[in-house]
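# Architecture at a glance
The chain contents come next:
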Amino acid sequence: MAQTRRQFLQQVGITGGAGVLYSTMSALGLTSVAETPAYAAPNRVELNGRSKHVVILGAGIAGLTSAYELLKAGYKVTLLEARNRPGGRNWTVRGGTTETDLAGNTQRASFSPGQYMNAGPARLPQHHVTLEYCRELGVAIEPFVNQNADAYLYREGTTALSNKAIRHRTAKADVYGYVAELLATATDQGALDSLLTATDKQALIGFLSGFGSIGDKASGYAYTGTDGRRGYTVEPGAGLEAGTTAAPFSLSDVFASGVGNYFSFEFGWDQAMMMFQPVGGMDRIPYAFERAIGKDKIRYGAEVTGLRNTTSGVEVTYTSGSRTRVLTADYAICALPPHLAAKVPSNLPAPILEALRYARPTNAGKIGIEYGRRWWEEDHKIYGGITNSSLDTVNTWYPSYNFHGDRGTVIGYYNTGTNANSYGALKPAARLERALAQGAKVHGDVYTKDVKAAFSVNWMGTKYSEASWVSWPSQTDGIYARLLDASGNIYFAGDHLSHVIAWQHGAITSARATVTALHSRVAAGR
């Protein structure tokens, strides 16, 4: 029976997507929750009086975590960071932020006080270890609205629902309703008898009744959309006003439009609500690390130009202003992006350099647009959340802070790959112009009015990153794994050395694994 049930679930996944698959598994009692692996921090007793100096290349989240944990255990630590701030890709842009990209475009942000955009990471799943560090470091957090039933879905095309802004709740009600109707009918008519027992069939139809708000057997399990799930044309009110609903879009139109293709996003392990953000901007995290570590242990404006294993430890060459400096230490942790670390002159062996070059940089783009009033709240009744579209802007984020404030900053696009490259090739003014034109297709002319400030980021063109994150052709063919062990006295860390790439959680767990390995070696006297 296990095999036929698996086949059935595969068919459900193909038909309804990950969201329907997950819900069906839940109805049949097949889901569970995983536990986060424990971490045993190194301590001074294990160090046993051995005084070791570790130089860390890069003060991104992996580098900061490594320094923080090593310091607690009694190590001497020096961080070298090419930028003049901590955090790496954890970057919050505020008024006064100035940045020149690799194409020579210089932007100076003019956001109003209290307004900002998180150019890199912007949300924290509640199961991520990042939140534990927020608690430990005293970083206040608040909810991040990752999904909003009143945000929009927009698909360009030639179908009946194309080029229309459809509320998320409306699209979801229709997609789930029709999937439930079809699956309940097929189940009742015996189409799944070879896969399900009579008890399974009863449980599944019972689940579909609530999942899709469909009728009973007598109605043919029909989805009518009259229960208010998809919204109202006239909302329920006082007295005799019971509310008015509109008929659902037709089954063919709903599936032809593709509006349901986004729903599986909500069930992603790292995307499901609830989610959080630091109060005041994501860079509250790296600055809290900086305070805990001690600013005197971080050398900003230090661009690494050489890395060598020596007979007694490591030697790192870096530039500081116009001067070249040399730093020696017992060990090094390289927390630079792998494709950039590969370019640093070193005596690392060829297989390690091959592994560093094996990483595939990915691009992402964002633009923050500050408006003189929060029209998305006032006119569209949208408080936080994300509008997803097939436009090259892809995702529009409404701010999850300062609700009912005088002003607000929308993330006008958050895109990746080809779309990010297209925007990145434009001048900042042209990026804004295009983003406003695209956003107006969804929100109307209000999207183009009362713009007070804007700032855009092209991560592939951002110095010292040259990517938003990296991927690997494989993490199981042995090449990636070469970076999981030390090369002489040089260790590696970063989100790229995890299975949670592009999240701070990945950077932190990688750093903790590296610190554990280094400390075990020192404690053993090797």
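Reading the values: the criteria
- Residues numbered from 1 in each chain as written.
- Predicted model: local features only at pLDDT ≥ 70, side-chain atom pairs only at ≥ 80, totals over all residues.
- Heavy atoms only, no water.
- Pairing = 2+ DSSP bridges.
- Helix = DSSP H or I, 4+ residues; strand = E, 2+ residues; numbered from the N terminus.
- UniProt positions renumbered as here; feature names shortened; annotations may be inferred.
- Axes fitted to C-alpha atoms, helices over the stretch in contact; angles between N-to-C directions.
- Contact = heavy atoms within 4.5 Å.
- Phe/Tyr/Trp six-rings, centres within 6.5 Å; stacked < 30°, edge-to-face > 60°.
- Buried < 20%, exposed > 50% of the residue type's maximum accessible area, 1.4 Å probe, protein only.
- Lys NZ or Arg CZ within 6 Å of the ring centre and 35° of its normal.

On to the sheet that holds strand S11 (residues 275-278), then. One open sheet accounts for three strands, arranged S7-S11-S8; its pairing is antiparallel. Every interior strand has two partners, whereas the edge strands, strand S7 (124-125) and strand S8 (141-144), have only one. Pairing of S7 with S11, which is carried by two bridges, proceeds in the antiparallel orientation. By the bridge assignment, Leu124 is partnered in S11 with Phe276.

Next up on the list: the UniProt feature "domain: Amine oxidase" (unreviewed entry) in the chain. The positions that UniProt labels "domain: Amine oxidase" (unreviewed entry) are, in the present scheme, residues 61-517. Annotated as 28% helix and 23% strand, the span residues 61-517 places its first and last C-alpha atoms 18 Å apart.

Turning our attention to the sheet that holds strand S2 (residues 76-81). Reading across the sheet, the five strands line up as S12-S2-S1-S16-S24 and stay open at both edges, with parallel pairing between neighbours. Looking at the sheet topology across the chains shown, the edges are occupied by strand S12 (298-300) and strand S24 (490-492). Averaged over all pairs of adjacent strands, the angle between strand axes in this sheet comes to 20°, irrespective of strand direction. Here three bridges tie strand S16 (residues 331-334) to S24, and the two strands are oriented parallel to one another. If you follow Cys334 over to S24, its bridge partner there is Phe492. Each of strand S1 (53-57), S2, S12 and S16 touches helix H3 (residues 61-72); the most contacted strand, S2, lies at about 165° to it.

Moving on to the packing of aromatic side chains. Across all of its chains, the model carries 23 aromatic pairs by this definition. Considering the side-chain rings of Tyr178 and Tyr223, the 5.1 Å spacing of their centres and the 80° angle between planes classify their relative orientation as edge-to-face. On the criterion of sequence distance, the pair formed by Tyr178 in helix H5 (residues 168-188) and Tyr223 in the loop between helix H6 (198-212) and helix H7 (251-257) is long-range, its members being 45 residues apart. You can call Tyr178 buried: its relative accessible area is 8%. Residue classification places Tyr223 among the buried residues on the basis of a relative accessible area of 7%. Taken together, a centroid distance of 5.6 Å and an interplanar angle of 70° make the contact between Trp375 and Tyr447 edge-to-face. Placement of the pair is Trp375 in helix H11 (residues 375-378) and Tyr447 in the loop between helix H13 (428-443) and strand S22 (451-458), with a sequence separation of 72 residues. We note that Trp375, like Tyr447, is buried. By way of ring pairs, the aromatic residues Tyr176, Phe207, Phe211 and Phe263 are connected into one cluster. Sitting above the plane of the Tyr116 ring, Arg94 keeps its charged end 5.8 Å from the centroid.

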